[in-house]
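Chain by chain, the residues:
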Amino acid sequence: MTLFTLPEDQIAIRDMARSFAAERIAPHALDWDARKHFPLDVLREAAALGMGGIYVSEEHGGSGLTRLDAALIFEALSLGCPTVAAFLSIHNMAAWMIDRFGSETQRARLLPGLCRMDQVAAYCLTEPGSGSDAASLRTTARRDGDHYILDGAKQFISGAGAADCYVTMVRTGEAGPKGISTLVVPADAPGLSFGPNERKMGWNAQPTRAVIFEGCRVPVENRLGEEGIGFRIAMAGLDGGRLNIGACSLGGAQAALDKSLAYMAERKAFGKRLDEFQALQFRLADMATELEAARALLYGAAASLDRKDPDATQRSAMAKRFATDTGFRVANEALQLHGGYGYLSEYGVEKIVRDLRVHQILEGTNEIMRVIVARGLVGN
Ligand SMILES: Cc1cc2nc3c(=O)[nH]c(=O)nc-3n(C[C@H](O)[C@H](O)[C@H](O)COP(=O)(O)OP(=O)(O)OC[C@H]3O[C@@H](n4cnc5c(N)ncnc54)[C@H](O)[C@@H]3O)c2cc1C
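Residues numbered from 1 in each chain as written. Predicted model: local features only at pLDDT ≥ 70, side-chain atom pairs only at ≥ 80, totals over all residues.

Asks: Any details on helix α5 (residues 82-101)? Residues and values, ideally.
Replies: The terminal C-alpha atoms of α5 lie 28 Å apart, and with 20 residues this matches the ideal 28 Å at 1.5 Å per residue to within 8%. For α5, a buried count of 19 out of 20 residues is recorded, marking the element as mostly surrounded by other parts of the structure. (Helix = DSSP H or I, 4+ residues; strand = E, 2+ residues; numbered from the N terminus. Expected span 1.5 Å × (residues − 1). Buried ≥ 20, exposed ≤ 12 C-beta atoms within 10 Å, placed from the backbone.)

Here it is as structure tokens:
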């Protein structure tokens, strides 16, 4: 059910991703979460189906699809596991940044491997002292002949330690956003190391580590675009990334709703099936309605980014905020509707709640999404 009637080719893309999620992700999601296993082999299988460079141009191995196609894919994959889908989203975001801002030489060198996911990319913006206020980042890159020497640290980096390249925002100039540049740091760069895998509430099927630069040497030829445009590159990546994360929340929450429907059709209390109580039916109705509203907002924002509308950034922020808040609420309601069983791992709902919680925090917190929307409204 959707307000949009998708054309046949988009239905085919969505169904392909749904089948992949049902066959290759969902059966393993609980085990990967429990073992903190990062399923790179399965991500590579997804890449073989064109999901390693969804909106990277076809010229260098990408699928050349739209942001709306990507939203459909990430929503579908998240029916199986939002954490695995969300990592794929981060990899896609980093690959797109190289495609959009890299030179022809960089694109030809890096993109084919990234699209196949022989090479995996991470996105490094956040630092221990700067998250929301990303433009105050302090990792420095000092020029030394045809290399930069990096010193500093990135915090909370998804895929760190497992990824092959790190699309990293560094300070090459003045304080503030205009002194930031973007470098692609290879995993084997001398002076690069990683912190331990963080223990966290959810998103266990992908590692989160600090990335540490100590006199780390990176060739100047690895810089994307000119010096000083790195903050713009980082924010451009996030417009699409935020839509993808919102889509991951929709898929996760839909899976939780579907589990509730199945459970309530079986479970009895006071001589009736749970789904016969009107109070509970109304809650199901609200969950479905709110998800549908979030879906409409998100698909609209994705189409707006595809058209490069001037307000696409604001609409992406609106959609990210609304879809991730709604997704978390719906998943949490689904847990409640399962009673005590919702709290047990084996039913799979508590994992979805844990996974979706972080979507309200990362790729810009939902407070920062409000800052972006409000800035457009009050012209500040
Ligand atoms: C599991 C996980 C994976 C992540 N992966 C990555 C990654 O791959 N790459 C990467 O670069 N980063 C990543 N992050 C970092 C994430 O993007 C940041 O945590 C996030 O941007 C918030 O930054 P912070 O944690 O420093 O919080 P802070 O910026 O310190 O914010 C603390 C609180 O203050 C609020 N706040 C701050 N400023 C304002 C304001 N102006 N108005 C109103 N409220 C405000 C925030 O919304 C928040 O509630 C990840 C984080 C997690 C938890």
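Asks: Account for the domain arrangement of the protein chain, with residues named and values stated.
Replies: A common way to report how large an interface is uses the accessible area buried once the components associate. If you check the domain split of the protein chain, you get domain 1 (8-120), domain 2 (122-228) and domain 3 (231-378). Taking only C-alpha atoms, the centre of domain 2 and the centre of domain 3 are 30 Å apart. Residue-level contacts link 14 residues of domain 2 with ten residues of domain 3. Looking at side-chain class alone, the side of domain 2 that touches domain 3 contains ten nonpolar, four polar and no charged residues. (Domains from an automatic or database assignment. Contact = placed C-beta atoms within 7 Å. Nonpolar A, V, L, I, M, F, W, Y, C, P; charged D, E, K, R; others polar.)

Asks: Before we move on, can you summarise the packing of α5 against helix α7 (residues 230-266) with the specific residues and values?
Replies: Closest axis-to-axis distance for the α5/α7 pair is 9 Å, and the angle between their directions is 155°. With respect to α7, the axis of α5 lies roughly antiparallel. In terms of crossing hand, the pair formed by α5 and α7 is right-handed. Facing α5, whose interface residues are P82, A85, A86, S89, I90, M93, W96, M97, R100 and F101, α7 presents I233, A236, G237, G240, G241, N244, I245, C248, G251 and G252. (Axes fitted to C-alpha atoms, helices over the stretch in contact; angles between N-to-C directions. Parallel < 35°, antiparallel > 145°, perpendicular 65-115°, else oblique. Left-handed = near helix turned anticlockwise from the far one by under 90°.)

Asks: How would you sum up the site of the ligand? Please name residues and give values.
Replies: G131, S132, S158, T365 and E367 are the nearest of the 22 residues found near the ligand. Residue composition of the shell around the ligand, by class: twelve nonpolar, seven polar and three charged. Counting only domains with at least three residues in the shell around the ligand, you end up with domain 2 (122-228) and domain 3 (231-378). (Near = placed C-beta within 6 Å.)

Asks: Would you mind going over the nonpolar core in detail, with residue names and values included?
Replies: Formed by 116 residues in total, the largest nonpolar core has its most connected members in L77 and L298. The element best represented in this core is α7, accounting for 14 residues. (Core = buried A, V, L, I, M, F, W, Y, C linked by C-beta atoms within 7 Å.)

Asks: Describe the environment of A135, naming the residues involved and giving the relevant values.
Replies: Examined against the element boundaries, A135 turns out to sit in the loop between β1 (121-124) and β2 (140-144). Separated by 45 residues in sequence, A135 and I90 have C-alpha atoms that sit 20 Å apart. Apart from the residues lying within four places of it in its own chain, the contact partners of A135 are G176, P177, I180 and F231.

Asks: Could you give an account of the pairing of strand β4 (residues 165-171), with specific residues and numbers?
Replies: Among the seven residues that make up β4, seven are buried, leaving the element largely enclosed by the rest of the structure. Every second residue of β4 is oriented toward a common face, with C165, V167, M169 and R171 on one face and Y166, T168 and V170 on the other, all of them buried. Two elements, β1 and β4, share four bridges in a ladder whose sense is parallel. Bridge pairing in β4 places A122 opposite Y166. Of the pairings in the sheet, the one linking β4 to strand β5 (residues 180-186) comprises seven bridges and is antiparallel in character. Looking at β5, one finds that V167 is bridged to V184. (Pairing = 2+ DSSP bridges.)

Asks: Which residues make up the UniProt feature "domain: Acyl-CoA dehydrogenase/oxidase N-terminal" (unreviewed entry) in the protein chain, and what are the values?
Replies: Cross-referencing UniProt, the feature "domain: Acyl-CoA dehydrogenase/oxidase N-terminal" (unreviewed entry) maps to residues 8-117 in the present numbering. Structurally, residues 8-117 comprises 75% helix and 0% strand, and the distance from its first C-alpha atom to its last is 28 Å. (UniProt positions renumbered as here; feature names shortened; annotations may be inferred.)

Asks: Can you explain helix α4 (residues 67-78)? Please cite residues and give values.
Replies: Given a rise of 1.5 Å per residue, twelve residues ought to cover 16 Å, and the 16 Å separating the end C-alpha atoms of α4 matches this to within 8%. Of all twelve residues making up α4, twelve are buried, and the element is well covered by its neighbours. Regarding α4, the residues found buried are R67, L68, D69, A70, A71, L72, I73, F74, E75, A76, L77 and S78. Buried residues along α4 sit in contact with α1 (8-25), α3 (40-51), α5, α7 and α8 (278-306).

Asks: How would you sum up the packing of α7 against α8? Please name residues and give values.
Replies: When two helices pack together, you describe them by how their axes are tilted relative to each other and by the distance separating the axes. Packing of α7 against α8 brings their axes to within 10 Å, and their N-to-C directions diverge by 160°. With respect to each other, α7 and α8 are oriented roughly antiparallel. When the axes of α7 and α8 are compared, the crossing they make is left-handed. Across the interface between the two elements, D239, G240, L243, G246, A247, L250, A253, Q254, L257, S260, L261 and M264 of α7 pack against L280, L284, M287, A288, L291, A294, R295, L298, A301, A302 and L305 of α8. Grouping the constituent residues of the contact of α7 with α8 by class yields 17 nonpolar, four polar and two charged.

Asks: Which residues make up the pairing of β2, and what values go with them?
Replies: Pairing of β2 with strand β3 (residues 147-158) involves five bridges; the strand directions are antiparallel. Residue pairing for β3: A141 is matched across the bridge by L150. Two successive antiparallel strands, β2 and β3, enclose a turn made up of two residues, where G145 displays a positive phi of approximately 65°.

Asks: An account of unusual backbone geometry is requested, with residue identities and associated values reported.
Replies: Unlike most non-glycine residues, K308 shows phi in positive territory, near 55°. Looking at where K308 falls in the secondary structure, it is placed in the loop between α8 and α9 (312-337). You can call K308 exposed: it has 7 C-beta atoms within 10 Å. Positive phi outside glycine occurs at E363, with the angle close to 55°. Among the secondary structure elements, E363 is positioned in the loop between α10 (349-357) and α11 (366-378). Given 27 C-beta atoms within a 10 Å radius, E363 is considered buried.

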